[in-house]
Amino acid sequence: MKKTNKVVLFSLILMTALSFTNLIKIEMDGKLVKPAGIMVIVGIVAFFVTRSVNDSKNEGLDIKSFLPKLKNPIVIILALMPTVMAFLSTFLEKKYMPEVLQHIKNRTGIIDKSQIIVTILSLAVLALGEEIALRAFFQKQSTKLIGFIPALIITSVVFAMGHFSFDEPMIVVIDLVEIFIDSIFYGLVFKKTDNAFCSWVSHFLANAIAVFLLL
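The rules we used
- Residues numbered from 1 in each chain as written.
- Predicted model: local features only at pLDDT ≥ 70, side-chain atom pairs only at ≥ 80, totals over all residues.
- Heavy atoms only, no water.
- Phe/Tyr/Trp six-rings, centres within 6.5 Å; stacked < 30°, edge-to-face > 60°.
- Helix = DSSP H or I, 4+ residues; strand = E, 2+ residues; numbered from the N terminus.
- Lys NZ or Arg CZ within 6 Å of the ring centre and 35° of its normal.
- 1 Å grid on protein atoms, 1.4 Å probe; cavity = no way out; pocket = protein on both sides within 12 Å on 5 of 7 lines; lining within 4 Å.
- Points joined across faces, edges and corners; volume = space filled by probe spheres on them.
- Nonpolar A, V, L, I, M, F, W, Y, C, P; charged D, E, K, R; others polar.
- Core = buried A, V, L, I, M, F, W, Y, C linked by side-chain atoms within 4.5 Å.
- Buried < 20%, exposed > 50% of the residue type's maximum accessible area, 1.4 Å probe, protein only.
- Contact = heavy atoms within 4.5 Å.

## Looking at the packing of aromatic side chains
For the structure on display, the rule yields five aromatic pairs. Consider the rings of W200 and F204, whose centres lie 6.0 Å apart with planes at 15°: the pair is stacked. Taken together, the residues span about one helical turn, with W200 and F204 both in helix α9 (residues 196–214) at a distance of four residues. The side chain of R135 reaches across the aromatic face of F159, ending 4.9 Å from its centre.

## Quick word on the layout of surface pockets
As a volume, the largest pocket reaches approximately 1,100 Å³. Along its surface, the largest pocket is lined by 45 residues, and R107, T108, L123, H163 and N207 are the ones closest to its centre. Considering only residue class, the lining of the largest pocket consists of 24 nonpolar, 14 polar and seven charged.

## Some thoughts on the nonpolar core
The tendency in soluble globular proteins is for nonpolar side chains to be buried as a group. Membership of the largest hydrophobic core comes to 39 residues, with the highest contact counts inside it found for M15, M39, L134, F137, F138 and L176. Counting residues per element, the ones that place at least two in this core are α1 (2–19), α2 (38–49), α3 (66–70), α4 (73–96), α6 (116–146), α7 (148–161), α8 (169–193) and α9. Here the element with the most residues in this core is α8; it accounts for seven residues. Not counting residues up to four positions away in its chain, the partners in contact with L134 are M15, M39, Q139, T155, V158 and F159.

Okay, structure coming up:
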């Protein structure tokens, strides 16, 4: 158990460090490399390797219980908030700050409608990976160490920094703040359900709607 706890702590520190590597411009063959993506892989591996520290095998990720838990009215409201924000922020940014939308398109690699199916499938897989890594592992284990509120904030900072992309400072700040707030809601959904499949539904739905709005 002590050995497993050391792995948990090491993984939390490594994921945090990796999330900030996007602040360093690393180029290979003229293309910008973002090693922060490795953070998700570390989190997924750590989640499955350290499950022995959980009270139950399905703690944090239970496909059998996620639909019943999604029926909770509070969970539904929390889960839909990132989607509501996607509509609101896209409307305001189209009207007042279209450069922010262009930044998001560049950051996410959204190209055109011809690749919409591939994009949506990729979003589904990536969102699930991020929820396992960031909520089922990072938030869950850091909550045990420092309490829920600090863990929620730190997880959301790590999540936001993992999406950092270079641009004008104000544009980057707006993008990161939006990602941070979305992460807060994903974290609250996870807290209410203890199930990354529930926060994944919220995460994927918000991302999918955002893609359609951007296109």
